[in-house]
Amino acid sequence: MKLVRTVFIAVLLLPCTRHAAADPVNAVPGWRSYTPAGNPEDPVRSDAVNGRMQNPSIQGGSALGLDVTTSVARASGAPTAHTLADHLGRILSPLDFGAKCNATIDDHVALSTAFAYVMATGNSLTFPAGRLCVNNAPIRISTGSGNIVDINFNSGGVVTTTGSDFLVFDGSNVPKMSGFNIHDGVFFDTAGKAKFVTVQNAKEFFGYFQSSIHGMSVPNKDPRYPNASVVSAGAGSLFYGQNVGHFSIYRNYGSFSRAFTEFTGVAKAVGTTGADQYSSDSDVYDNSVQGVYTQGSVAVRIHDHVQGIFVSRNRFLTFGYGVYMAPADHTGSEGMEIVDNGLNVKYGGIWIQGGLNIVSRNNLQAAANPSFIGYSIGSTTASSVYSVITDNGANCLGGQPKQTTPVYQLYVSDGSIVTGNQTSGIWHGTCMTITTPADTVSQTTISNNNCWQSGAISIFGGWNGNNNIYNASVGSPTTVNLSSTTNEAMTSVTPPNGAFYINGLATVKTTLQAKSLVLGSSVPATK
């Protein structure tokens, strides 16, 4: 009897057992799955052997442990389908590599891994919107795919609290580095001395390192704290580039203690068969940045072996220098185009070396400094050849002490043109000193340059005409030194007081309003 009862119960349970075996998924309590038609009465069938569901649709719940990265999807309007892993891999975030980006924890390790990966693979990197990551050690990148990598800070950014540089790209052991577009974010260094991006030891001359930094903000107070105090600078530099080509720095804003942007090349080692390496064909434009009134604070610093740098439409405020090349930096450097910039500087405005330069339509305002030189082009040992220096202005902000240096100090030759430049405001010193060597290949034109309320104008050599001084020296003697080179100078002078001296053996036609006129060397020439 007991055996019969057991068999009877088993027979009753057999249909349930068969249904569970056929539909193990639907046998799980609380699990509801439907076909694409969404009909609850049409259960999804499963693969009982491999445990795979066919055409699943999950609504209002989650599927823990379900890996869909190998699923294939086609972007809207695209003809080719790719796996979800491929789609997601093109939009990487530092969070994918373990960064927290909570403005507190140091994310250096995660950020280093993220940057190394995208530079090696060519993938893009997008930071979480509006969030700040902390990075307290340089991220050194020595891999590359030769691609252009997009790095979008997405209105977020990076803060360093140790003064350490941020991104350092080193091409020492890389056949071909990757370029990058870095944009739309914030960088801040609480110590005010870090470089945002450094590129060093790049090997090639033209073309391959086509990169840009744009839309970056470097504030002068810590962006993590709404009530943070204002500091003098939010970083040391935005960019330092060695042997870079076709690089663009544009529409950036911020406060810097050192060089906002810096370019350099490298001369080959003495006794080696290698070639000199250059930075070339790069642009710095539409930036609005400020520095500090120190000699180490430079808006655009250019070293030797640099060619073809275009600097235009920038506002450089409260820097020591605007665009600066030291006299020793003329080796291998030429072809600078510096136009339409506004500068507020203390020690110098535009100082460049080499030839084939264009310096035009710039306007500078000078802070009080007795050794200020607004425009210094060329040097006593290497004049600037075939250069155009036109329509520039220099204005004194007031309180300027007596100058020991000229506002314009130009050494030009071989077909250079210096015309339409002027000073305004009260300069208690020399206005212009323009010198051309006696052994130039072709004539240099020096004409229509104007000095308002300034001191002496000295022109040595070249073809001179219509260089004017108005209201010179405000009561002090005024000197015009003309070279002994045969030329004709039309000089209009209106000093309200004092004598007006013309030195040199030039043929002179003068329209003069002054108490006295002296021809000769009563006031010695400064040549």
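Now for a quick tour of the structure. (Residues numbered from 1 in each chain as written. Predicted model: local features only at pLDDT ≥ 70, side-chain atom pairs only at ≥ 80, totals over all residues. Heavy atoms only, no water.)

### What about the nonpolar core?
Right, so step 1: Ranked by internal contacts, the top residues of the largest apolar core, which has 80 residues, are Phe180, Ile182, Phe196, Val197 and Ile213.
Right, so step 2: Per-element tally for this core: the top contributor is helix α3 (residues 108-121), with six residues.
Right, so step 3: With sequence-adjacent residues up to four places away left out, Ile182 is seen in contact with Ile151, Phe153, Leu167, Phe196, Val197, Ser212, Ile213, His214 and Met216. (Core = buried A, V, L, I, M, F, W, Y, C linked by side-chain atoms within 4.5 Å. Buried < 20%, exposed > 50% of the residue type's maximum accessible area, 1.4 Å probe, protein only. Helix = DSSP H or I, 4+ residues; strand = E, 2+ residues; numbered from the N terminus. Contact = heavy atoms within 4.5 Å.)

### Comments concerning the pairing of strand β30 (residues 408-413)
Right, so step 1: A large share of β30 lies buried, amounting to five of its six residues.
Right, so step 2: Bridge count between strand β26 (residues 373-377) and β30: three bridges; the pairing is parallel. Within the sheet, the bridge partner assigned to Ser376 lies in β30 and is Gln409.
Right, so step 3: Here strand β27 (residues 384-385) pairs with β30 via two bridges, running parallel. Each bridged residue has a counterpart across the sheet, and for Val385 the counterpart in β30 is Ser413. (Pairing = 2+ DSSP bridges.)

### Observations regarding the pairing of strand β19 (residues 298-302)
Right, so step 1: Counting buried residues along β19, five of its five residues qualify, which places the element largely inside the surrounding structure.
Right, so step 2: Pairing between strand β16 (residues 259-264) and β19: four bridges, direction parallel. Bridge pairing in β19 links Ala259 to Val298.
Right, so step 3: In the sheet, β19 pairs with strand β21 (residues 315-324) via three bridges, with the strands oriented parallel. Bridge pairing links Arg301 to Tyr324 in β21.

### Focus on the side chain of Thr405
Right, so step 1: As for its placement among the helices and strands, Thr405 is situated in the loop between β29 (393-396) and β30.
Right, so step 2: Within polar-contact distance, the side chain of Thr405 engages the backbone oxygen of Phe372 at 2.8 Å.
Right, so step 3: Excluding residues that lie within four positions of it along the chain, Thr405 makes contacts with Pro370, Ser371, Phe372, Ile373 and Thr430. (Polar contact = N/O pair within 3.5 Å; in protein donor to acceptor, adjacent residues only side chain to side chain.)

### A look at the state of the cysteines
Right, so step 1: Enumeration over the complete set of coordinates arrives at one disulfide.
Right, so step 2: Paired through a disulfide, Cys101 and Cys133 show a sulfur-sulfur distance of 2.1 Å. Judged by the sign of its S-S torsion, about 80 degrees, the bond between Cys101 and Cys133 is right-handed. One end of the pair, Cys101, is in the loop between β3 (91-92) and α3; the other, Cys133, is in strand β5 (residues 132-134), with 32 residues separating them in the sequence.
Right, so step 3: What makes Cys101 buried here is its relative accessible area of 3%.
Right, so step 4: You can call Cys133 buried: its relative accessible area is 0%. (Disulfide = S-S within 2.5 Å.)

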